[in-house]
Amino acid sequence: MAYKPQYGPGTSKVAENRRKQMNPNQKLEKLRDVTDEDIVLLLGHRAPGAAYPTAHPPLAEQQEPDCPIRKIVTPTEGAKAGDRVRYIQFTDSMFFAPCHPYQRTYTECYRFRGIDPGTLSGRQILECRERDLEKYAKDLINTELLDPARTGIRGATVHGHSLRLDENGMMFDMLQRRVLGEDGIVRHVKNQIGEPLDRAVEIGKPMDEKWLKAHTTIFHSLGDVAFRDDQEYIEYVQRIHTLRTKYGFLPKE
Amino acid sequence: MTDAIYPQVRIVPMRLLRPDTAEQLLNKLIQVGGIRRMTINGPNLPATVPYGPARGEPNPHPDRRAIRVGDQDVMLQIQVGMVILELEDESYIPAVKKAADETFADKGFSCTVQQGRYMKTQPTLSDYAKYGPDADRELLGLVDPRKKDRPIIIQGTK
């Protein structure tokens, strides 16, 4: 029988959302249309329209060693062109953000190629070749993986994911890269590392509480699905925990 | 330093406050009277970018501004998340609760008002290094000992 990945355990809505995000065959809902130029501005690695700086000559122009792995793996566009490795980093509020660091890493590993994700408790960084990064960043920003109020694009000074929200529902950001306008639209006024932008970049309206709770991948015992309510998830986590604890003693079931 | 006979309360709103709301709350609280000492707490809003490639560059932030509390200007360097009060006696607590509830009534969120001990009871090493052995114990814990700022005195009616 052909192997069919399950992506994750659990019977709750949160578990279902996690599986949906991880499954590359499932198309993520597109919610906004941030342009390529805006993405370049947000990332702040190069000026819009500028050529991609390179770390090495294009692969076609340099002698490749005779390596079987290189014959199997097709290089990504960025790797082919010899782009620098650059990053995008996200912070997700614990108040029902649509994604969170571990989930982001799993999702990206299933969906993207040639990436190096870094997972921390309050932030998640994705490193890859620059032109691949811009393509992936567009997917991460324009789809349901991001909420303008509860997800931050923060290259540095990420503090805020576990704090109370601001009065207007935005996640705390000491650099205030994003501002909620009078018209209800969130705009980036600084790039991801906190340098002011020449023009504000529109991200769109924050999603409402109902949408967030329906799409969140975070268990939250106050106000939404508690982790303890998902028996299947607990059973799975406990099984993994037991097995990895016993691993050194040759586990046998 | 705190004397055990003075009750302390902590007001914790469900959201981090904007300067306007903080100003409103603090002014309502000082109208209640009976406050000996007050501290506001919350996450820092630095004047310059503290980390990363843009480190040291100015950090314009609209919430880092002065608010008017009573007859004094208070420069906010934080986003207000908690207010700690030391009161003359327990009879002021219901009025403090009422003032806090009134402030947040039309904001769409609530707050909790708790009684306990929230201010310093012993000078720390940093306090000792800054103020020495004969520090004014009333002032300990009111300001960050690593900063040059002094506490702000708001005149009461006594």
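Since the model is a prediction, treat every value here as computed from it, not as a measurement.

## Observations concerning the interface of chain B and chain A
At the interface, 22 residues of chain B touch 16 residues of chain A. Within the side of chain B that touches chain A, the residues separate by chemical class into 11 nonpolar, 7 polar and 4 charged.

## Brief notes about the sheet that holds strand β7 (residues 196-204) of chain A
Residue and element names in this part refer to chain A. A sheet is described by the order of its strands in space; here 3 strands give the open sequence β5-β6-β7, paired in antiparallel fashion. This sheet does not close on itself; its edge strands, each paired only once, are β5 (178-180) and β7. The mean angle between the axes of side-by-side strands here comes to 30°, regardless of whether they run parallel or antiparallel. Pairing of β5 with strand β6 (residues 186-190) involves 3 bridges; the strand directions are antiparallel. Paired with Arg178 across the two strands is His188, which belongs to β6.

## Details of the environment of Thr245(A)
Mapping Thr245(A) onto the fold places it in helix α8 (residues 231-246). Given 10 C-beta atoms within a 10 Å radius, Thr245(A) is considered exposed.

## Considering the nonpolar core
One finds Ala137(A), Leu25(B), Leu29(B), Leu85(B) and Ala100(B) to be the most contacted residues of the largest nonpolar core, which totals 55 residues. Every residue in contact with Leu85(B), bar those within four places of it in the chain, is listed here: Gln8(B), Val9(B), Leu29(B), Ile35(B), Met38(B) and Val96(B). Counting residues in hydrophobic clusters, the runner-up holds 6 residues, among them Leu175(A), Ile193(A), Leu45(B) and Ala54(B).

## Some remarks on the sheet that holds strand β5 (residues 82-87) of chain B
All names here are of chain B. Here we have 4 strands laid out as an open sheet, ordered β2-β5-β1-β6, and antiparallel in their pairing. Of all strands in the sheet, those bounded by a partner on one side alone are β2 (35-41) and β6 (111-116). The average angle at which neighbouring strand axes cross in this sheet is 20°, direction not considered. In this structure, strand β1 (residues 8-13) lies alongside β6, joined through 6 bridges in antiparallel fashion. Residue pairing for β6: Arg10 is matched across the bridge by Gln114. Contacting β1, β5 and β6, helix α2 (residues 93-104) crosses the sheet at an angle of about 160° to β6.

## Quick notes on the packing of helix α1 (residues 13-22) of chain A against helix α5 (residues 101-111) of chain A
Residue and element names in this part refer to chain A. At a minimum axis distance of 8 Å, the contact between α1 and α5 shows a crossing angle of 35°. Contacts from Arg18, Gln21 and Met22 in α1 reach Gln103, Tyr106, Thr107 and Tyr110 in α5. Across the contact of α1 with α5, the residue classes break down as 3 nonpolar, 3 polar and 1 charged.

## Looking at the environment of Val69(B)
By secondary structure assignment, the location of Val69(B) is in strand β3 (residues 66-69). With residues near it in sequence (within four places) discarded, Val69(B) still touches Glu23(B), Leu26(B), Asn27(B), Ile30(B), Val74(B) and Ile154(B).

## Things to note about unusual backbone geometry
All names here are of chain A. Its identity as a non-glycine residue notwithstanding, Tyr7 has a phi of 70°, on the positive side. When you line up the elements, Tyr7 lands in the segment before α1. On the basis of neighbour count, Tyr7 is assigned to the partly exposed category, with 18 C-beta atoms found within 10 Å. Unlike most non-glycine residues, Phe96 shows phi in positive territory, near 65°. Assignment of secondary structure puts Phe96 in the loop between β1 (85-92) and α5. Since 22 C-beta atoms lie within 10 Å of it, Phe96 is described here as buried.

About the criteria used
Residues numbered from 1 in each chain as written. Chains lettered and ligands numbered in written order. Predicted model: local features only at pLDDT ≥ 70, side-chain atom pairs only at ≥ 80, totals over all residues. Contact = placed C-beta atoms within 7 Å. Nonpolar A, V, L, I, M, F, W, Y, C, P; charged D, E, K, R; others polar. Pairing = 2+ DSSP bridges. Helix = DSSP H or I, 4+ residues; strand = E, 2+ residues; numbered from the N terminus. Axes fitted to C-alpha atoms, helices over the stretch in contact; angles between N-to-C directions. Buried ≥ 20, exposed ≤ 12 C-beta atoms within 10 Å, placed from the backbone. Core = buried A, V, L, I, M, F, W, Y, C linked by C-beta atoms within 7 Å.

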